[in-house]
Amino acid sequence: KIIDLINKMHIGDVDVIAFSSQPQVNRLFKVAKKYQLEAELKSGLGLCYVAAIGPLVKEVLNKRGVNVEIMPQRTFFMKPLVTAIAKFLSKQEQLGL
């Protein structure tokens with residue numbers, strides 16, 4: 001499933017990817033490396049919006065060269081993350097992006 005996700009991201013079929021933990025980020029990159037899909041992963045992450053549940057996850061992503069566009073402002077739980085994603089996408093739609 002992770003390989004399928006990487007491939008879908010690489011061809012632009014993923015609009016947003018959300019990360020809720022550091023191990024989740026590390027696992028994605030570990031699988032990409034194991035199957036020699038690092039270039040596809042990097043490309044795919046540049047084609048979609050990236051959301052992080054909080055500053056620790058954002059830092060892990062940033063250290064891997066990933067730009068995080070979406071993150072809750074104050075509370076770092078799933079509901080605020082989903083709300084932040086919905087607000088972000090609504091704003092992008094209003095801007096015609």
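The structure this text deals with has already been given above.
Residues numbered from 1 in each chain as written. Predicted model: local features only at pLDDT ≥ 70, side-chain atom pairs only at ≥ 80, totals over all residues. Heavy atoms only, no water.

Visitor: Where do I start with the packing of aromatic side chains in this structure?
Guide: Each aromatic ring pair is described using two quantities: the centre-to-centre distance and the angle formed by the ring planes. Tallying each qualifying case throughout the model produces one aromatic pair. For the ring pair Tyr-49 and Phe-88, a centre distance of 4.8 Å and an interplane angle of 75 degrees mean the geometry is edge-to-face. Residue Tyr-49 is found in strand S2 (residues 49-52), and its partner Phe-88 is found in helix H5 (residues 78-95); the two are separated by 39 residues along the sequence. A residue is classified by how much of its surface remains accessible, and Phe-88, at 17% relative accessible area, is buried. (Phe/Tyr/Trp six-rings, centres within 6.5 Å; stacked < 30°, edge-to-face > 60°. Helix = DSSP H or I, 4+ residues; strand = E, 2+ residues; numbered from the N terminus. Buried < 20%, exposed > 50% of the residue type's maximum accessible area, 1.4 Å probe, protein only.)

Visitor: Help me understand H5, please; the structure alone is not making it clear to me.
Guide: One turn of an α-helix holds 3.6 residues; hence residues three or four places apart share an orientation. For H5, with 18 residues, the first-to-last C-alpha span of 26 Å sits near the 26 Å given by 1.5 Å per residue. Turning to H5, its buried residues number three or more, namely Leu-81, Ala-84, Ile-85, Phe-88 and Gln-92. Down the axis of H5, the buried set is contained in an arc of 100 degrees. They therefore lie on one face. H5 presents Lys-79, Lys-87, Glu-93 and Gln-94 as exposed residues on the side facing more than 90 degrees away from its buried surface. Contact partners of the buried residues in H5: strand S1 (16-19) and S2. (Expected span 1.5 Å × (residues − 1). Arc of directions from axis to C-beta. Contact = heavy atoms within 4.5 Å.)

Visitor: Please clarify how the environment of Leu-56 should be interpreted in this entry.
Guide: One can find Leu-56 in helix H4 (residues 55-63). With 34 residues separating them in the primary sequence, Leu-56 and Gln-22 have C-alpha atoms 7.5 Å apart.

Visitor: How do you make sense of the nonpolar core when you look at a structure like this?
Guide: Nonpolar side chains tend to gather and get buried jointly when the protein is soluble and globular. Core analysis: the largest hydrophobic core is formed by 27 residues, its most contacted members being Ile-17, Phe-19, Leu-41, Leu-45, Val-50 and Leu-61. For this core, the secondary-structure elements that each account for two or more residues are helix H1 (2-10), S1, helix H2 (22-34), helix H3 (38-47), S2, H4 and H5. Apart from the residues lying within four places of it in its own chain, the contact partners of Leu-61 are Phe-19, Val-25, Val-50, Ala-52, Val-66 and Val-68. (Core = buried A, V, L, I, M, F, W, Y, C linked by side-chain atoms within 4.5 Å.)

Purely geometric numbers; function is a separate question.
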